Amino acid sequence: MDVPLQEPMVEAIKTEEPTMSDTLSSYLPRVDQFYIPEWLTMQFIANNLISFTPLFSYGSTVISIERSKTALGFSIDICATMMIASILRISYYLITPYEITLLRQSIVMILIQLVLLNTSLKYRPEEYKYHNLKDVEPMSVLLHEIWLEFFDDIGIYGQYKPQQMINNLKTLSFKKLSLFAYKIILACVYKFLKFFDPGYKRIFGFWQWKDNKTYWKFLAIFATIQIFLTFLISKVLDWEDLAQFLGSIIGSLGLLVESLLPLPQIAILYTLKSIQGFKLILLVSWLCGDTLKITYLVFGAKNISILFFLFAFFQMSLDFYIAGQYIYYKYYYPKLRNQDGFNDEEIELTDFVKDQILEPVEESDYENNNNNSNNDLQTGNSHTRQIQAV
């Protein structure tokens, strides 16, 4: 049963002046015992951190290059990798819209990479110019060397006789044929790794051009064609099936390109054996970005291909490798170099792959084959003698 309030009490409630805390609470919401603006939420802070982190990580590299007046130790291939990946990510947004925060991050990334590329080209050292780079063995030379390890006949490979080459391959045992295929794959891996080594010449001198205008022309043409074709197929022509197929290719290609980001920097750190020009904040931003990406793929994304996970973990493994290089060349290598009897010989990954390619086939295999061939010859000779005797 409701008890009616007395009139004096009602009047007191009406005439009671609001306290200062009530006044503030009318303007600012109360969250966890603190008064903050309604728009200043953890989601807002996280979104902006994700979007504008490239400004801090790569901006510090720009400042470092400007102060030292040299881009030695920094790979401009990072600029190419991040801009190409960001352009692909923007075109992917036209097909499959994702969170606006990631789109904003791609735009910010392109802007800061343009500034970084301009600064790096301005202070590009002589060691990075095309005419001072090393030549890489042609693929034909590597294949020729592999062929000579298994066959003595030089003319067959040199004259490009497919049928004779196939006949020679058929004479190999399963073990030797597997070894032959393994070395062919290693040759392809070797060429692939050397393409990302800034110390070696690339086909058509890609991203090693002498004229700085060529870099800007390439980026303008690539971005225009990529975004225009994506917009035409997905929005104008409205080809749904083709757009989805194109989107899956663009998304996978963007992640693949981004996952290869650390390779040029690994090669430069190995060549210089120093961390000069490479900022710690850049490495930290890479590792944090990998963590956020994998976390998003595991907990936030749906219907994600296994390729996305493979690319993400591959990139993180390369970033951890760079972290190991950073620690070694900053804290351990200078001390070891000053010690007497220190052997300054390190095995580069590409050199290791090449050594595996040129590693001779075991002599036991040759002996077995020679024994078999000798037995065949002896059998043939005895058979001939028997015929002559008859």
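Below, the structure is looked at part by part.

### Focus on helix α9 (residues 174–195)
Turn by turn, an α-helix covers 3.6 residues, leaving residues three or four places apart pointing in a common direction. Across its 22 residues, α9 extends 32 Å between first and last C-alpha, which sits within 8% of the 32 Å expected from 1.5 Å per residue. Here α9 has its buried residues at Lys 176, Phe 180, Lys 183, Leu 186, Ala 187, Tyr 190, Leu 193 and Lys 194. Taken down its axis, α9 places every buried residue within 145 degrees of arc, on the same side. Opposite its buried face, α9 presents the exposed residues Phe 174 and Ile 185, each directed more than 90 degrees away.

### Some thoughts on the packing of helix α3 (residues 42–68) against helix α5 (residues 100–122)
Between two packed helices, the angle of one axis relative to the other and the distance separating the axes together describe the packing. Contact geometry for α3 and α5: axes closest at 8 Å, N-to-C directions at 5 degrees. Classed by the angle they form, the pair α3 and α5 counts as roughly parallel. For the contact of α3 with α5, the per-class residue count stands at 13 nonpolar, nine polar and three charged.

### Notes on the packing of aromatic side chains
Evaluated as defined, the whole model comprises 19 aromatic pairs. A ring pair is formed by Trp 207 and Trp 209, whose centres lie 5.9 Å apart and whose planes are at 65 degrees; its orientation type is edge-to-face. A centroid spacing of 5.1 Å and a plane angle of 70 degrees characterise the contact between Trp 209 and Tyr 215, whose relative ring orientation is edge-to-face. Of the residues examined, Trp 209 reaches a relative accessible area of 17% and is grouped as buried. Given a relative accessible area of 0%, Tyr 215 falls into the buried group. By the ring-pair criterion, three or more aromatic residues cluster together here, those being Phe 192, Phe 195, Phe 196, Phe 206, Trp 207, Trp 209, Tyr 215, Phe 218 and Phe 222.

### A closer look at a nonpolar patch on the surface
A surface patch of nonpolar side chains, amounting to about 650 Å² of accessible area, comprises Phe 231, Val 236, Leu 237, Trp 239, Leu 242, Phe 245 and Ile 249. With respect to the helices and strands, Leu 242 occurs in helix α11 (residues 240–259). For Leu 242, a relative accessible area of 36% corresponds to the partly exposed category.

### Looking at unusual backbone geometry
In this structure, Lys 69 is a non-glycine residue whose phi angle is positive, near 60 degrees. If you trace the backbone, Lys 69 turns up in the loop between α3 and α4 (77–95).

### Focus on α3
Taking 1.5 Å per residue, 27 residues should reach 39 Å; α3 reaches 38 Å between its end C-alpha atoms and fits that length. Buried within α3 we find Asn 47, Ser 51, Pro 54, Ser 57, Tyr 58, Gly 59, Ser 60, Thr 61, Val 62, Ser 64 and Ile 65. Positive phi appears at Lys 69, one or two residues downstream of α3, with a value of about 60 degrees.

### Topic: the nonpolar core
If you look at the biggest cluster of nonpolar residues, it comprises 39 residues, and the most contacted ones within it are Tyr 58, Leu 117, Trp 207, Phe 278 and Trp 286. Only α3, α4, α5, α10 (213–236), α12 (262–272), α13 (280–300) and α14 (306–337) provide two or more residues apiece to this core. In terms of residues, this core owes the most to one element, α14, which gives six residues. Non-local contacts of Trp 207, meaning those with residues more than four positions away in its chain, are made with Ile 76, Asp 77, Cys 79, Ala 80, Leu 117, Arg 202, Tyr 215, Phe 218 and Leu 219. With 11 residues, the next largest nonpolar core counts Phe 151, Leu 172, Ala 187 and Tyr 200 among its residues.

### Some points on the pattern of salt bridges
Evaluation of the coordinates by the stated rule reveals six salt bridges. Measuring nitrogen to oxygen at the nearest pair gives 3.5 Å for the salt bridge that ties Lys 201 to Asp 135. With Lys 201 in the loop between α9 and α10 and Asp 135 in the loop between α5 and α6 (139–150), this residue pair connects regions lying 66 residues apart in the sequence. The exposure class of Lys 201 is partly exposed, given its relative accessible area of 24%. With relative accessibility at 59%, the residue Asp 135 sits in the exposed group.

### Focus: the environment of Leu 179
The topology assignment puts Leu 179 in helix α9. C-alpha of Leu 179 to C-alpha of Phe 150: the two residues are 29 residues apart in sequence and 9.7 Å apart in space.

Parameters and conventions
- Residues numbered from 1 in each chain as written.
- Predicted model: local features only at pLDDT ≥ 70, side-chain atom pairs only at ≥ 80, totals over all residues.
- Heavy atoms only, no water.
- Helix = DSSP H or I, 4+ residues; strand = E, 2+ residues; numbered from the N terminus.
- Expected span 1.5 Å × (residues − 1).
- Buried < 20%, exposed > 50% of the residue type's maximum accessible area, 1.4 Å probe, protein only.
- Arc of directions from axis to C-beta.
- Axes fitted to C-alpha atoms, helices over the stretch in contact; angles between N-to-C directions.
- Parallel < 35°, antiparallel > 145°, perpendicular 65-115°, else oblique.
- Nonpolar A, V, L, I, M, F, W, Y, C, P; charged D, E, K, R; others polar.
- Phe/Tyr/Trp six-rings, centres within 6.5 Å; stacked < 30°, edge-to-face > 60°.
- Patch = residues over 30% accessible without salt bridge, like charges linked within 9 Å, V, L, I, M, F, W, Y side chains within 5 Å.
- Areas by Shrake-Rupley, 256 points an atom, 1.4 Å probe, with all protein chains shown as cover.
- Salt bridge = Lys/Arg side-chain N within 4 Å of Asp/Glu carboxyl O.
- Core = buried A, V, L, I, M, F, W, Y, C linked by side-chain atoms within 4.5 Å.
- Contact = heavy atoms within 4.5 Å.

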